[in-house]
Amino acid sequence: MTDAEKAFDPKMLEALVCPQCHGVLSYNAERNELISKAAHLAYPIRGGIPVLLIDEARSTDKD
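Note that the coordinates shown come from a computational prediction; the quantities given were computed from them, not determined experimentally. (Residues numbered from 1 in each chain as written. Predicted model: local features only at pLDDT ≥ 70, side-chain atom pairs only at ≥ 80, totals over all residues. Heavy atoms only, no water.)

1. Focus on the side chain of S36
Logical step 1: Assignment of secondary structure puts S36 in strand β2 (residues 33-36).
Logical step 2: On the basis of relative accessibility, which here comes to 0%, the residue S36 falls in the buried class.
Logical step 3: Beyond its immediate stretch of four places on either side in the chain, S36 contacts C18, C21, V24, L25, L41 and Y43. (Helix = DSSP H or I, 4+ residues; strand = E, 2+ residues; numbered from the N terminus. Buried < 20%, exposed > 50% of the residue type's maximum accessible area, 1.4 Å probe, protein only. Contact = heavy atoms within 4.5 Å.)

2. A closer look at the packing of aromatic side chains
Logical step 1: Using the criterion set out here, one finds 1 aromatic pair in the structure.
Logical step 2: Seen in terms of ring centroids, F8 and Y27 are 4.9 Å apart; in terms of plane orientation they differ by 45°. Their pairing is tilted. Taken together, the residues span a long stretch of sequence, with F8 in the loop between α1 (3-6) and β1 (26-28) and Y27 in strand β1 at a distance of 19 residues.
Logical step 3: What makes Y27 partly exposed here is its relative accessible area of 29%. (Phe/Tyr/Trp six-rings, centres within 6.5 Å; stacked < 30°, edge-to-face > 60°.)

3. With respect to unusual backbone geometry
The general pattern is negative phi for most residues beyond glycine and trans for most peptide bonds.
Logical step 1: Backbone geometry at N32 places phi at a positive 55°, although glycine is not the residue there.
Logical step 2: Judged by relative accessible area, which is 30%, N32 ranks as partly exposed.
Logical step 3: The phi torsion at H40 lies on the positive side, around 60°, for a residue other than glycine.
Logical step 4: Relative to the assigned elements, H40 resides in the loop between β2 and β3 (41-46).

4. Here we look at the confidence of the model for the chain
Logical step 1: Confidence in the prediction of the chain, expressed as mean pLDDT, is 90, and 90% of residues score 70 or more.
Logical step 2: Ranking the elements of the chain by mean pLDDT puts α1 last, at 54, and strand β5 (residues 58-59) first, at 98. (pLDDT = per-residue confidence, 0-100.)

5. Some words on the nonpolar core
Logical step 1: F8, L16, C18, L25, L34, A39, L41, Y43, I45 and A57 form the largest nonpolar core, which has 10 residues in total.
Logical step 2: Ranked by the residues each element gives to this core, the list is headed by β3, at 3 residues.
Logical step 3: Not counting residues within four places of it along the chain, the set of residues in contact with I45 comprises F8, Y27, N32, E33, L34 and P50. (Core = buried A, V, L, I, M, F, W, Y, C linked by side-chain atoms within 4.5 Å.)

Written out as structure tokens, the structure is:
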């Protein structure tokens, strides 16, 4: 699989919401994460696929 195939498509943000608060997610390309400012969580993106599991998210409170 090439890097292009693994890349996250930001258009997906139109259909995705935070599983914790059902709020808007934003894409952080530098950290390859989806950020929920309302829930203070960052969800990882692995192989171009967002991992929207609360147990897999990290807290953004210390960012």
